[in-house]
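# Fold and contact review
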Amino acid sequence: MLPFETLDWESPEGIKVKPLYTQEDLEGLEHLYSLPGEPPFVRGPYASMYPGKPWTIRQYTGFSTAKESNAFYRKNIAGGQKGLSIAFDLATHRGYDSDNPRVHGDVGKAGVAIDTVEDMTILFDGIPLDKMSVSMTMNGAVIPVMASFIVAAEEQGVKPEQLSGTIQNDILKEYLCRNTYIYPPEPSMRIISDIISYCSENMPNFNTVSISGYHIAEAGANCVLQTAYTIADGLEYVRAAIQSGLHIDDFAPRLSFFFGIGMDFFMHIAMLRAARFLWSEEVLQFNPQNEKSRILRTHCQTSGWSLTEHDPYNNIIRTTIECMSAVLGETQSLHTNAYDEAVGLPTELSERIARNTQLIVQQESQICRVIDPLAGSYYLESLTASIINGAREVMKEIAAVGGMAKAISMGIPQRRIEEAAVRTQARIELAQDVIVGENKYRVAEEDDIPVREVSSHAREHQIAMLKDIKASRNNFAVQKTLDNIIQVAESDGNLLAAAIEAIRLRATVGEISDAIEKVFGRYATKAEIISNVYASVYGEDERFLAVKKRVAAFTEKTGRKPRIFSLKMGQDGHDRGLKVVSSALSDLGFDVVISPMFQTPEEAAKLAIENQVNVIGVSSLAAGHKTLVPLLIEELKKQGNPNIKVTVGGVIPHQDYDYLDEIGVVAIFGPGTNILDATTKILFAIE
């Protein structure tokens, strides 16, 4: 036995990793020996790769109003950015205009507000859309947003066939993890088919779907799950397009993918290689005649979840490692996250550092001189094969129940992702997974860092614009186009084509979404608690048992378990933190009530009182804590129960802690908070 053979490690994917790999580990691997640009494209989708053309630096950003975002884009383009990636605010994602009372705390906070084509026109002012590739992360309100983009380009003098870029248009991952859906799954799949059909005929240079694994990873999935579920989502879209009458070669060459890149350096390189192999293999079943139909082209983004609130400058190093992983995995475009995103919205400085990370790797490291420089690595090729095999097994589970849409409706992938997320949280708390500056080598004192804050003027500005547009347009003509959208939704016409006509007449995103909703309805889900995963990782850990004993003492003293209302307010759909904390508290002995998504403060207060909870745990990730939390506390008073305690967790700048304390929040839990510590503070507040 070699002296290091006892150092084998099992990754979160269940892959057994050895300390030494040799040529023997390459024997029998099916993915070896093809060249870049040749099926199954493991070594890259194009023969020339980066020596021919480096990846596109495509930073994902947007905030406040279209005018402010436009100024930011133009600075980034001048600084070396090659493509635009638009972040829309949560109100737009969910199909609400900025004047809707449900989006009081969401307008312009986590992206740019788009209500009409006028906003889209301002967003791209001075940016030639016939020359600039534009990626838009939009799924729920994809019809009116895509229509607004097309009309804005049209009024700039750019024809649809001249447009290049990507619309995400990936609704399945919204039901799976991101939650910015509007309509139920079946009609949403019809919307995707309509967009694929319209763009195949009119926009040959535009990618009609970007199948996203990024949010799957951010929700807690490991590399095997991210690969399997992303490929399975893509296959579902292929089948939907074929059922609508298209041939695989009509649209598959314009499909693209989007993967999340985390801190396991070699695992994520292998993941991208494995994903290309699997897509090339799976598409064969549809008998493509065009080899391009088998090519998986991908955008990547470094992980947001891996960023830490504590010692945040460490995040620059994390992002650099993840950037290198994406590039060595042969991505086609890349977004690198800013170091301060675990604290708040990125500042101009942090955005510049994030962009320059790519510029330095691209132009100083000489990585672009060689195609797929890690090919043939004993370890990397073995990992690639392990991910291929592991993902195949997961995909078999999906296929056995009838595909991804049915699997999602049964909750199968959601449970596997949530279990992985809870397990990861417990491992970090036990320092089994090291996070430098978080659970190891933590500094005693930290300085506050600057944080970008979006003021309430964004909503006021948008409401004023909406009033002006509605006063100046032909409202009778607009209503006729909205009535037509309803008729098209009821029949088999093309919804995107119908929406373009409405947008030309200045119909709003909210009006078009409402018209479609009249036929399709609005979708809602119910969260479930994953039990016994958090506890199983802790086992007989003394601290875990001590906190559990204290919860039991509260139960014995009061005659019932401590009851917490886990709450998401506003339109933010990111619920990993809420689900992980809820599952952990349940294992510790709490009675956990999880709120429906997208609550208003009034609705939340009513439900909390009806459920007779001791405490409300608000999860805030979209900069709405200073608007929605005070409204919640006020509503508790109005509705007659001011004694319910309120805690807040999530991305909250330390500069805001004093304000939250002043309005009555009893505890604040930032990113990286140990759940056992949080539980102790919650018990102290309610005892």
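Our subject is the structure listed above.
Attention in this report is confined to the structure presented alongside it.

## Structural notes on the overall build of the protein
If you tally the helices and strands in the protein, you get 27 helices and 17 strands. Its C-alpha radius of gyration of 25 Å places the protein within 12% of the 26 Å reference for a compact globule of 687 residues. Taking the principal axes of the C-alpha coordinates as reference, the protein spans close to 80 × 70 × 50 Å. Relative to its 687 residues, the protein shows a buried fraction of 60%. For the protein, restricting intrachain contacts to residue pairs at least 6 apart in sequence, the fraction spanning at least 24 positions comes to 79%. Total accessible area on the protein is roughly 26800 Å²; 51% of this is exposed by carbon and sulfur atoms. Distance between charge centroids for the protein: 2 Å, based on 65 positive and 88 negative side chains.

## A look at the pattern of salt bridges
Charged atoms that come close allow side chains of opposite charge to pair. A full pass over the atoms with the stated rule returns 32 salt bridges. We note a salt bridge from Arg273 to Asp372, for which the minimum N-O separation is 3.0 Å. In this pair, Arg273 sits in helix H11 (residues 265–283) while Asp372 sits in the loop between helix H13 (348–364) and helix H14 (378–400), placing the two residues 99 residues apart along the sequence. Among the residues examined, Arg273 registers a relative accessible area of 1% and is labelled buried. Residue classification places Asp372 among the buried residues on the basis of a relative accessible area of 2%. Taken together, the salt bridges that share partners define one network made up of Arg43, Arg273, Asp372 and Glu381.

## Remarks on the nonpolar core
Among soluble globular proteins, nonpolar side chains are generally buried collectively. Counting 80 residues, the largest nonpolar core has Tyr229, Phe251, Trp279 and Ile387 as the members making the most contacts within it. Per-element accounting of this core gives the leading share, twelve residues, to helix H9 (residues 223–243). In this structure, Ile387 is in contact with Ile15, Cys223, Val224, Thr227, Met267, Ala270, Met271 and Ala274, ignoring residues within four places of it in sequence. Met120, Leu495, Ala507 and Val509 belong to the second largest nonpolar core, which has 58 residues in total.

## What about the packing of aromatic side chains?
Aromatic ring pairs are reported here in terms of the distance separating the ring centres and the angle at which the planes meet. Overall, the coordinates contain 19 aromatic pairs when judged by the stated rule. For the ring pair Phe63 and Phe72, a centre distance of 5.5 Å and an interplane angle of 80° mean the geometry is edge-to-face. When sorted by exposure, Phe63 lands in the same class as Phe72, which is buried. With 5.2 Å between their ring centres and 80° between their planes, Tyr181 and Tyr523 make a pair best called edge-to-face. Here Tyr523 lies in the loop between helix H20 (509–520) and helix H21 (533–538) and Tyr181 lies in the loop between helix H6 (172–178) and helix H7 (185–202), a separation of 342 residues in the sequence. A relative accessible area of 1% places Tyr181 in the buried class. Ring pairing ties together the aromatic residues Tyr21, Phe265, Phe266 and Tyr379, which thus form one cluster. One cation-aromatic arrangement involves Arg94 over Phe598; the distance from NZ or CZ to the ring centre is 3.5 Å.

## Some remarks on unusual backbone geometry
Cis geometry is found at the peptide bond from Pro39 to Pro40, where omega equals 5°. Along the chain, Pro40 turns up in the loop between strand S2 (16–17) and helix H1 (49–52). Positive phi outside glycine occurs at Asn287, with the angle close to 55°. Of note, Asn287 is situated in the loop between H11 and strand S11 (298–302). Given the relative accessible area of 54%, Asn287 is considered exposed. The phi angle at Phe598 is positive, at roughly 65°, despite the residue not being glycine.

## Quick word on the state of the cysteines
For the coordinates displayed, the defined rule picks out zero disulfides. Among the cysteines around Cys223, which has no disulfide bond, Cys300 carries the closest sulfur, lying 11 Å off. Residue class for Cys223 comes out buried when judged on its relative accessible area of 2%. Unpaired in this structure, Cys300 has its nearest cysteine sulfur neighbour in Cys323, at a distance of 10 Å. Of the residues examined, Cys300 reaches a relative accessible area of 0% and is grouped as buried.

## Regarding the packing of helix H18 (residues 475–490) against helix H19 (residues 495–504)
Where H18 contacts H19, the two axes come as close as 9 Å, and the packing angle between them is 175°. What the angle tells us is that H18 and H19 run roughly antiparallel. Residues Thr481, Asn484, Ile485, Val488 and Ala489 of H18 form the contact with H19, whose own contacting residues are Leu495, Ala498, Ala499, Glu501 and Ala502. The residue makeup of the contact of H18 with H19, split by class, is seven nonpolar, two polar and one charged.

## Section: the side chain of Ser98
By the element assignment, Ser98 lies in the loop between helix H3 (90–93) and helix H4 (117–123). Judged by its relative accessible area of 1%, Ser98 is buried. In this structure the side chain of Ser98 is engaged in a polar contact, spanning 2.8 Å, whose partner is the side chain of Asp115.

## Focus on the sheet that holds strand S7 (residues 165–167)
As summarised here, the arrangement of the five strands in space is S4-S5-S6-S7-S8, forming an open sheet in which the pairing is parallel. Looking at strand neighbours, the two that pair on one side only are strand S4 (60–61) and strand S8 (206–207), the edges of this open sheet. Bridge count for S4 against strand S5 (residues 84–86) is two bridges, and the pairing is parallel. Along S5, the bridge assignment pairs Tyr60 with Ser85. The sheet contacts of helix H5 (residues 142–155) involve strand S6 (134–136), S7 and S8, and relative to S6 the element is tilted by about 160°.

## Observations concerning the environment of Gln289
As for its placement among the helices and strands, Gln289 is situated in the loop between H11 and S11. Sequence separation between Gln289 and Asp249 is 40 residues, and the spatial gap between their C-alpha atoms is 6.9 Å. Among the polar contacts listed, one links the side chain of Gln289 to the backbone oxygen of Asn287, at a separation of 3.1 Å.

## Section: the packing of H18 against H20
Following both chains from N to C, one finds H18 and H20 inclined at 35°, their axes separated by 9 Å at the closest point. Between H18 and H20 lies a crossing of right-handed hand. On H20, the residues that touch Val478, Leu482, Ile485, Ile486, Ala489 and Glu490 of H18 are Glu511, Ile512, Ala515, Ile516, Lys518, Val519 and Phe520. A per-class count over the contact of H18 with H20 returns ten nonpolar, no polar and three charged.

Calculation rules
Residues numbered from 1 in each chain as written. Predicted model: local features only at pLDDT ≥ 70, side-chain atom pairs only at ≥ 80, totals over all residues. Heavy atoms only, no water. Helix = DSSP H or I, 4+ residues; strand = E, 2+ residues; numbered from the N terminus. Rg over C-alpha atoms; globule rule 2.2 N^0.38 Å. Buried < 20%, exposed > 50% of the residue type's maximum accessible area, 1.4 Å probe, protein only. Contact = heavy atoms within 4.5 Å. Areas by Shrake-Rupley, 256 points an atom, 1.4 Å probe, with all protein chains shown as cover. Lys, Arg positive; Asp, Glu negative; His and termini not counted. Charge placed at Lys NZ, Arg CZ, Asp CG, Glu CD. Salt bridge = Lys/Arg side-chain N within 4 Å of Asp/Glu carboxyl O. Core = buried A, V, L, I, M, F, W, Y, C linked by side-chain atoms within 4.5 Å. Phe/Tyr/Trp six-rings, centres within 6.5 Å; stacked < 30°, edge-to-face > 60°. Lys NZ or Arg CZ within 6 Å of the ring centre and 35° of its normal. Disulfide = S-S within 2.5 Å. Axes fitted to C-alpha atoms, helices over the stretch in contact; angles between N-to-C directions. Parallel < 35°, antiparallel > 145°, perpendicular 65-115°, else oblique. Nonpolar A, V, L, I, M, F, W, Y, C, P; charged D, E, K, R; others polar. Polar contact = N/O pair within 3.5 Å; in protein donor to acceptor, adjacent residues only side chain to side chain. Pairing = 2+ DSSP bridges. Left-handed = near helix turned anticlockwise from the far one by under 90°.

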